[in-house]
Amino acid sequence: MAPYGNVNYGVETAAQDYFGVEAKNLTLAQAAMLAAIPKAPGTLSPFSSPTYNPSLTEDDFDSEALIGRKNYVIDMMRQQGYITEKEATAAKAVDVLAQVKQKQSFYAGIKAPYFVLAAKKELRKSFPEAAVNRGGWKVITTVDLDLQQLAEEQMEKGKAQLRRQSADNAAMVVEDNQTGQVMALIGGLDFNNDEYGEINYASDVNISPGSSIKPYDYASFIDNNTNVGAGSVLYDQIGALPQYPCTNKALPPAGNCLWDFDRRSPGAMTLRYALGGSRNIPAVKAFVSSVPNDTSTNRTASINHTMGVINGLMGNDDGYRCFKTGTDVTIASEADETQCYSAAGIGDGAYLRLDDHVNGIASLSRLGVSIPKTYILKVTNSSGKILKEFTQPKGKQVIKADAAYIVNDMAADPKASYLGGSCTEVTCSGMKFHRYKGWKTAIKTGTTNDLYDGLMVAWNTKYSVGIWVGNHSRTVSYVGQPENMTDPIVKGFMQGAIDRLGGTAVNWKQPSGIKTVAAYVNRTKTASGQTVPSGTTDLFPSWYVGKTASNTSQVLDKVSNKVATSCTPESAKTTGANSNAASWNVDVFAGGSTGGTVSQEVGKDDIHNCNDTKPTVSITAVNGVSTGGSTLDCPLTGCKVMVYIEQGTHALTSADRLNFPGTLTLLANGQKVEAVGISSSGGHEFTYVPASGTTGTVVLSVQVSDSVLYEGTDSANVSVASSSSSSSSSNSNSNGNP
């Protein structure tokens with residue numbers, strides 16, 4: 001095997017690159033020139049000159065030396081009787097350099113060049129590199145050019161949005177779930193970019209998956225515990241967790257608590273709504289609780305078990321990993337790896353390759369069965385001998401089918417998903433695409449804290465798709481929400497792929513042992529895209545035995561989403577079926593258990609305190625007349641009602657409790673006249689216009705409600721006169737009612 005300078009090794013490849021012909025069709029002059037190059041390819045190759053290789057700026061090519069050696073080769077052939085004197089003379093006279101083609105990209109004109117790179121990478125794992133580089137083989141890949149074109153079309157449509165959000169690159173992988181064959185792959189947006197064009201971000205670059213890793217967390221948690229299902233409860237509540245001591249509750253980066261993206265703590269929620277809402281705290285709790293009764297330091301036994309599940313599903317023992325602090329992840333090797341901790345459960349500080357991730361998601365679609373991904377169907381050598389041919393591999397059951405099915409169902413639930421829009425059983429609107437022509441599609445997004453990586457994975461029974469968006473250097477943040485970039489592309493592809501399939505939708509078949517039994521009812525939205533309340537039943541695995549509880553219904557505090565106490569104000573209380581979170585509590589960090597027992601003392605309202613000061617509100621004047629015992633009149637044309645609000649212990653409006661904004665309401669005889677939002681203490685003016693025909697005394701009331709639903713009220717009697725006469729009035733105060 002000889003080197004021919006700035007191209008792959010092998011005469012066949014060199015013939016194509018220098019002259020655009022197969023080796024068997026080379027002229028004598030051309031063959032002699034190629035034979036001359038291996039002596040010193042650095043100076044004898046025309047591709048060492050900018051004249052033939054525009055990517056170069058320096059010229060190392062010695063044309064005279066090449067022609068001299070070419071002629072020497074011709075002379076040797078004549079002396080050894082391979083050619084005649086006449087043929088030698090004619091070959092020497094040929095201006096062979098004029099026939100050399102300008103160097104093209106090695107992949108110029110090739111469809112799906114990134115797919116070719118990935119296939120070649122797989123070849124190098126199966127055969128010696130020297131044999132791969134020699135060329136002359138016929139390789140049939142798994143690429144489906146129709147799906148590849150569909151992926152490229154959707155990526156092209158999405159470029160403008162990527163630019164608007166300061167992302168300059170993207171990658172995408174599509175796998176056929178039944179076979180493990182990769183159907184389409186895009187490794188970047190510009191293969192011809194001189195700086196990073198030939199870097200394959202789909203198969204060769206370490207990326208952080210962000211929240212797209214969470215389906216694996218819940219799959220491992222359900223699979224390896226005896227009493228966990230989609231309707232089980234984890235508490236989305238700030239507090240100490242492994243790696244997050246939470247001794248400083250300041251927001252990141254100053255504090256050391258784990259926070260959700262919206263900085264809120266909604267309390268008890270089911271696994272289904274925790275995954276659909278992409279909540280960080282429940283995901284980490286699941287990630288570090290996969291081993292029952294884990295007493296290991298930092299719960300590394302559970303962490304390593306879940307990491308093993310993730311890598312097993314991906315079919316790569318080194319697929320998801322963490323690196324030592326300070327490691328350049330772009331060139332990191334196995335020697336740079338270190339123990340992963342809790343943050344890996346939300347895809348932070350841990351890395352994988354996109355095509356491995358998609359294969360892991362495909363394994364969930366296969367109900368927990370992992371099979372190797374492949375880019376190659378068949379390899380034959382120049383003699384036609386088959387060197388490699390695809391046969392359907394035997395799968396490995398990494399997690400039980402029940403666990404995978406439940407996670408698929410959770411991720412395919414449009415009611416639990418935070419994505420905007422809504423769905424029927426046949427179609428969706430907005431950003432949701434969980435339903436289309438009868439197909440159910442599971443979806444999970446992913447975002448890293450530094451906004452270097454934005455991901456979305458989506459899967460149904462036929463295809464699994466993964467997309468990454470970001471900056472080519474992975475050191476520059478994009479702006480805005482990554483879903484605005486990833487969702488239109490993946491939605492367009494998945495619906496186009498379903499259109500292409502035609503026929504009847506094929507969805508996951510529920511394993512026979514799965515139980516549909518009573519579950520905790522979610523009553524609090526964590527995103528506008530969610531629908532509440534959730535159902536009173538949910539899916540649990542066949543090994544689920546249920547918990548022992550005296551009752552499943554309870555009076556709840558709306559704010560903390562926990563059991564109400566004597567300090568909980570009446571306005572914050574609600575009673576509902578399956579509202580006793582303790583009956584389904586599997587949160588070992590909040591008194592729960594993954595076994596069959598439960599403490600009824602778990603999860604009491606910890607927001608309200610009997611010593612809290614409630615907000616107050618006072619009517620101070622009507623039409624400029626003080627309420628301090630004076631006559632208060634309001635003509636039929638209307639009057640100005642002045643009020644003053646004073647905050648209590650809790651903020652009137654809090655960013656932590658956006659579901660309960662501070663509200664000031666004016667009522668007349670108990671009927672609401674107007675309501676406004678308030679955020680701070682101070683005065684406010686209402687205008688009250690009596691309804692037509694109103695006469696006599698009207699009771700004007702004002703009510704203030706703060707961010708934890710404490711209330712304060714005040715009222716005053718005003719006289720609405722039908723003539724110029726007026727009547728006396730009185731007022732009474734009733735501030736601070738809990």
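Right above here is the structure, for reference.
This write-up is about the structure you can find in this document. Owing to the predicted nature of the structure, the values given are computational and were not obtained by experimental measurement. (Residues numbered from 1 in each chain as written. Predicted model: local features only at pLDDT ≥ 70, side-chain atom pairs only at ≥ 80, totals over all residues. Heavy atoms only, no water.)

Within a sheet, each strand pairs with its neighbour through backbone hydrogen bonds, oriented either parallel or antiparallel. In space, the three strands of this open sheet follow the order β1-β10-β11, with antiparallel pairing throughout. The sheet terminates laterally at β1 (138–141) and β11 (386–389), the two strands that pair on one side only. For this sheet, the mean inter-axis angle between neighbouring strands, taken without regard to orientation, is 10 degrees. As judged from the three bridges shared by strand β10 (residues 376–380) and β11, these two strands associate in the antiparallel manner. Pairing of T380 across the sheet is with I386, part of β11. (Pairing = 2+ DSSP bridges. Helix = DSSP H or I, 4+ residues; strand = E, 2+ residues; numbered from the N terminus. Axes fitted to C-alpha atoms, helices over the stretch in contact; angles between N-to-C directions.)

Right, let's talk about the environment of N580 for a bit. Here N580 shows up in the loop between β22 (573–576) and β23 (616–622). N580 sits in the buried class, given a relative accessible area of 0%. The spatial distance from the C-alpha of N580 to the C-alpha of R264 is 21 Å, given a sequence separation of 316 residues. (Buried < 20%, exposed > 50% of the residue type's maximum accessible area, 1.4 Å probe, protein only.)

Examined against the element boundaries, L364 turns out to sit in helix α13 (residues 354–365). Separated by 318 residues in the primary sequence, L364 and G682 have C-alpha atoms spaced 56 Å apart. The contacts of L364, once residues within four sequence positions are left out, are P215, Y216, A219, L313, I399, A404, V407, N408 and W459. (Contact = heavy atoms within 4.5 Å.)

A word on the sheet that holds strand β24 (residues 625–626). Strand order across the open sheet formed by four strands is β24-β23-β25-β28, with antiparallel pairing between neighbours. Since the sheet does not close on itself, it has two edges, and those belong to β24 and β28 (682–688), each with one partner. For strand β25 (residues 639–646) and β28, the ladder comprises seven bridges, and the chain directions are antiparallel. For M642, the partnering residue across the bridge sits in β28 and is E685.

Let's shift gears to the nonpolar core. Ranked by internal contacts, the top residues of the largest apolar core, which has 85 residues, are L185, Y218, L271, Y320 and L364. If one sorts the elements of this core by residue count, helix α14 (residues 401–411) sits on top with seven residues. Apart from residues no more than four positions distant in its own chain, Y320 is found in contact with P209, I213, M307, I310, N311, M314, A344, G347, A350, Y351 and L352. A151, M183, Y418 and Y463 belong to the second largest nonpolar core, which has 33 residues in total. (Core = buried A, V, L, I, M, F, W, Y, C linked by side-chain atoms within 4.5 Å.)

Counting buried positions over the six residues of strand β15 (residues 442–447) gives five, a clear majority of the element. Between β15 and strand β16 (residues 453–459), which pair antiparallel and follow one another directly, the connecting turn spans five residues, one of which, L451, has a positive phi of 60 degrees.

Let's shift gears to the environment of I74. By the secondary structure assignment, I74 is in helix α4 (residues 63–79). Sequence separation of I74 and L313 is 239 residues, and the distance between their C-alpha atoms is 59 Å. Setting aside residues no more than four positions away along its own chain, I74 makes contact with A32, I83, A88, A91 and K92.

Before going further, it helps to spend a moment on the state of the cysteines. Every disulfide links exactly two cysteines, by a covalent bond between their sulfur atoms. As enumerated under the stated definition, the model contains five disulfides in all. Across the disulfide, C322 is cross-linked to C340 (sulfur-sulfur distance 2.0 Å). Because the torsion about its S-S bond is 115 degrees, the bridge between C322 and C340 counts as right-handed. In this pair, C322 is assigned in strand β6 (residues 321–323) and C340 in the loop between β7 (337–338) and β8 (350–351), connecting sequence segments 18 residues apart. (Disulfide = S-S within 2.5 Å.)

The next thing to look at is α4. Over its 17 residues, α4 runs 24 Å from end to end, which matches the ideal 24 Å to within 8%, given 1.5 Å per residue. When we look at burial in α4, the residues that qualify are L66, K70, N71, V73 and I74. Down the axis, α4 shows its buried residues gathered within 150 degrees of arc, on one side only. Exposed residues lying more than 90 degrees from the buried face of α4 are E64 and Q79. Next to the buried residues of α4 lie α2 (28–36), α3 (41–44) and α5 (85–93). Near the N-terminus of α4, the side chain that reaches the backbone nitrogen of E64, with its oxygen 3.4 Å away, is that of D62. Following α4 by one or two positions, G81 has its phi on the positive side, about 85 degrees. (Expected span 1.5 Å × (residues − 1). Arc of directions from axis to C-beta. Polar contact = N/O pair within 3.5 Å; in protein donor to acceptor, adjacent residues only side chain to side chain.)

So, about the packing of helix α8 (residues 145–164) against helix α15 (residues 483–501). The geometry of α8 relative to α15 is characterised by a closest axis approach of 9 Å and an angle of 155 degrees between their N-to-C directions. One way to sum up the angle between α8 and α15 is to call them roughly antiparallel. α15 is crossed by α8, and the crossing has right-handed handedness. Here D146, L147, L150, A151, Q154, M155, G158, Q161 and L162 of α8 come into contact with α15, specifically with N484, M485, P488, I489, G492, F493, G496, A497 and R500. Of the residues that constitute the contact of α8 with α15, the class distribution is ten nonpolar, six polar and two charged. (Parallel < 35°, antiparallel > 145°, perpendicular 65-115°, else oblique. Left-handed = near helix turned anticlockwise from the far one by under 90°. Nonpolar A, V, L, I, M, F, W, Y, C, P; charged D, E, K, R; others polar.)

Trans is the common state for peptide bonds, and a negative phi is the common state for residues other than glycine. The step from P252 to P253 runs through a cis peptide bond, and the omega angle for that step is 5 degrees. By the element assignment, P253 lies in the loop between β4 (233–236) and β5 (267–270). In this structure, P533 follows V532 across a cis peptide bond, with omega equal to 0 degrees. Structurally, the position occupied by P533 is in the loop between β18 (515–518) and β19 (537–540). One non-glycine residue with positive phi stands out, namely Q243, at about 80 degrees. Inspection of the secondary structure assignment puts Q243 in the loop between β4 and β5.

Applying the stated criterion across every chain yields a total of nine aromatic pairs. Between the aromatic rings of F115 and Y375, the centroid separation amounts to 5.3 Å while the plane-to-plane angle is 80 degrees, which identifies the pairing as edge-to-face. Taken together, the residues F115 in helix α6 (residues 113–126) and Y375 in the loop between β9 (369–370) and β10 connect sequence positions 260 residues apart. You can call F115 buried: its relative accessible area is 1%. A centroid spacing of 5.2 Å and a plane angle of 5 degrees characterise the contact between Y201 and W468, whose relative ring orientation is stacked. Remark: W468 occurs in strand β17 (residues 463–470) and Y201 occurs in the loop between β3 (182–186) and α9 (214–223); sequence separation between them is 267 residues. Residue Y201 shares its accessibility class with W468, and that shared class is buried. (Phe/Tyr/Trp six-rings, centres within 6.5 Å; stacked < 30°, edge-to-face > 60°.)

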